[in-house]
Amino acid sequence: MAINASEPNIVITAPPGSGKTASIVGAIEKYSGEHPMDKIVAITFTRKAAAELQNRVAALNTEISTIHSWSYRQLQRLAGEYNFVIELLDDNSIKELLKQICIKRKQLYINQFQLFSFVMGNYNVDVDEKLKRIFEAIRQEYVKFKRKNCLYDFTDLPQYLLDMLIQYEETI
């Protein structure tokens with residue numbers, strides 16, 4: 001279906017092993033053949049998926065990247081064009097914010113390494129479900145704090161890019 005789609009933007013979501021990569025490769029090959037001068041961008045969520053896709057379409061003029069890497073490159077382009085500095089929270093700043101949230105919530109017993117790992121996207125942290133719910137509540141509070149204070153970390157790169165595109169009335 002994706003291979004024969006006529007739309008310029010295609011989103012494919014499906015479980016592992018269902019043929020997403022093969023569909024994307026087919027769609028890229030077809031589109032590239034029909035529109036050899038157009039730029040094609042294929043965005044994945046993991047480096048492994050990006051590398052696999054790159055191996056399969058190496059000969060085609062296609063930019064393949066993870067969503068975070070692509071967002072960062074686009075932010076760099078905008079920063080150069082509009083002369084702003086990309087500011088991301090570093091790991092130590094994130095850990096300090098999480099620690100302050102734990103103190104405020106009187107949850108001093110929490111393993112900060114596990115919490116940091118969870119907040120940065122490792123939702124498979126080896127803790128029981130009750131603690132995962134606490135981690136999720138802290139993560140939500142952290143996200144709310146970042147949004148309120150216009151702060152971004154690595155996980156926010158797509159949102160950061162969107163915010164800058166809106167601010168400078170740009171489109172991609």
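Here we summarise the structure given alongside this text. (Residues numbered from 1 in each chain as written. Predicted model: local features only at pLDDT ≥ 70, side-chain atom pairs only at ≥ 80, totals over all residues. Heavy atoms only, no water.)

**Details of the side chain of Thr62**
Inspection of the secondary structure assignment puts Thr62 in strand 2 (residues 62-66). Residue class for Thr62 comes out buried when judged on its relative accessible area of 12%. Excluding anything up to four places from it in sequence, Thr62 contacts Ile28, Ile40 and Ala42. (Helix = DSSP H or I, 4+ residues; strand = E, 2+ residues; numbered from the N terminus. Buried < 20%, exposed > 50% of the residue type's maximum accessible area, 1.4 Å probe, protein only. Contact = heavy atoms within 4.5 Å.)

**Examining the nonpolar core**
Counting residues in each nonpolar core, the largest one holds 18 residues, and the members touching the most others are Leu98, Ile110, Leu115, Phe135, Ile138 and Tyr142. Look past the residues within four positions of Leu115 in its chain and what remains in contact with it is Leu98, Cys102, Ile110, Phe135 and Ile138. (Core = buried A, V, L, I, M, F, W, Y, C linked by side-chain atoms within 4.5 Å.)

**Observations concerning the packing of aromatic side chains**
Per the counting criterion, the structure on display carries 4 aromatic pairs. Centroid distance Tyr82 to Tyr168: 4.2 Å. Interplanar angle 15 degrees. Geometry classified as stacked. Highlighted residues: Tyr82 in helix 3 (residues 67-82) and Tyr168 in the segment after helix 7 (157-167), separated in sequence by 86 residues. For Tyr168, a relative accessible area of 22% gives the class partly exposed. On the basis of an interplanar angle of 55 degrees and a centroid distance of 5.6 Å, the ring pair of Phe118 and Phe135 is categorised as tilted. (Phe/Tyr/Trp six-rings, centres within 6.5 Å; stacked < 30°, edge-to-face > 60°.)

**Quick notes on the pairing of strand 2**
Counting buried positions along strand 2 gives 5 out of 5 residues, so the element sits mostly inside the fold. Every second residue of strand 2 is oriented toward a common face, with Thr62, Ile64 and Thr66 on one face and Glu63 and Ser65 on the other, all of them buried. For strand 1 (residues 40-44) and strand 2, the ladder comprises 5 bridges, and the chain directions are parallel. Note on strand 2: the bridge partner recorded for Val41 is Glu63. (Pairing = 2+ DSSP bridges.)

**Here's the deal with the pattern of salt bridges**
What the rule picks out here adds up to 11 salt bridges. For Arg139, the salt bridge identified is with Glu136, shortest N-O distance 2.7 Å. With a gap of 3 residues between them, Arg139 and Glu136 both fall in helix 6 (residues 129-148), about one helical turn apart. One continuous salt-bridge network, built from bridges that share partners, spans Lys39, Glu63 and Arg73. (Salt bridge = Lys/Arg side-chain N within 4 Å of Asp/Glu carboxyl O.)

**Some thoughts on the layout of surface pockets**
For the largest pocket, the calculated volume is near 1500 Å³. In terms of lining, the largest pocket is formed by 44 residues, of which the most central are Ile10, Ile24, Val41, Ala42 and Ile43. If you list the elements that add at least two residues to the lining of the largest pocket, you get helix 1 (20-34), strand 1, helix 2 (47-56) and helix 3. Here the lining of the largest pocket takes 9 residues from helix 1, the largest share from any one element. Its boundaries defined by the atoms lining it, the second largest pocket holds a volume of some 180 Å³. (1 Å grid on protein atoms, 1.4 Å probe; cavity = no way out; pocket = protein on both sides within 12 Å on 5 of 7 lines; lining within 4 Å. Points joined across faces, edges and corners; volume = space filled by probe spheres on them.)

**Regarding the environment of Lys132**
Tracing the sequence through the fold places Lys132 in helix 6. Assessed through its relative accessible area of 18%, Lys132 is described here as buried. Aside from chain neighbours lying at most four places away, what touches Lys132 is Phe118, Tyr123, Asn124, Val125 and Val127.

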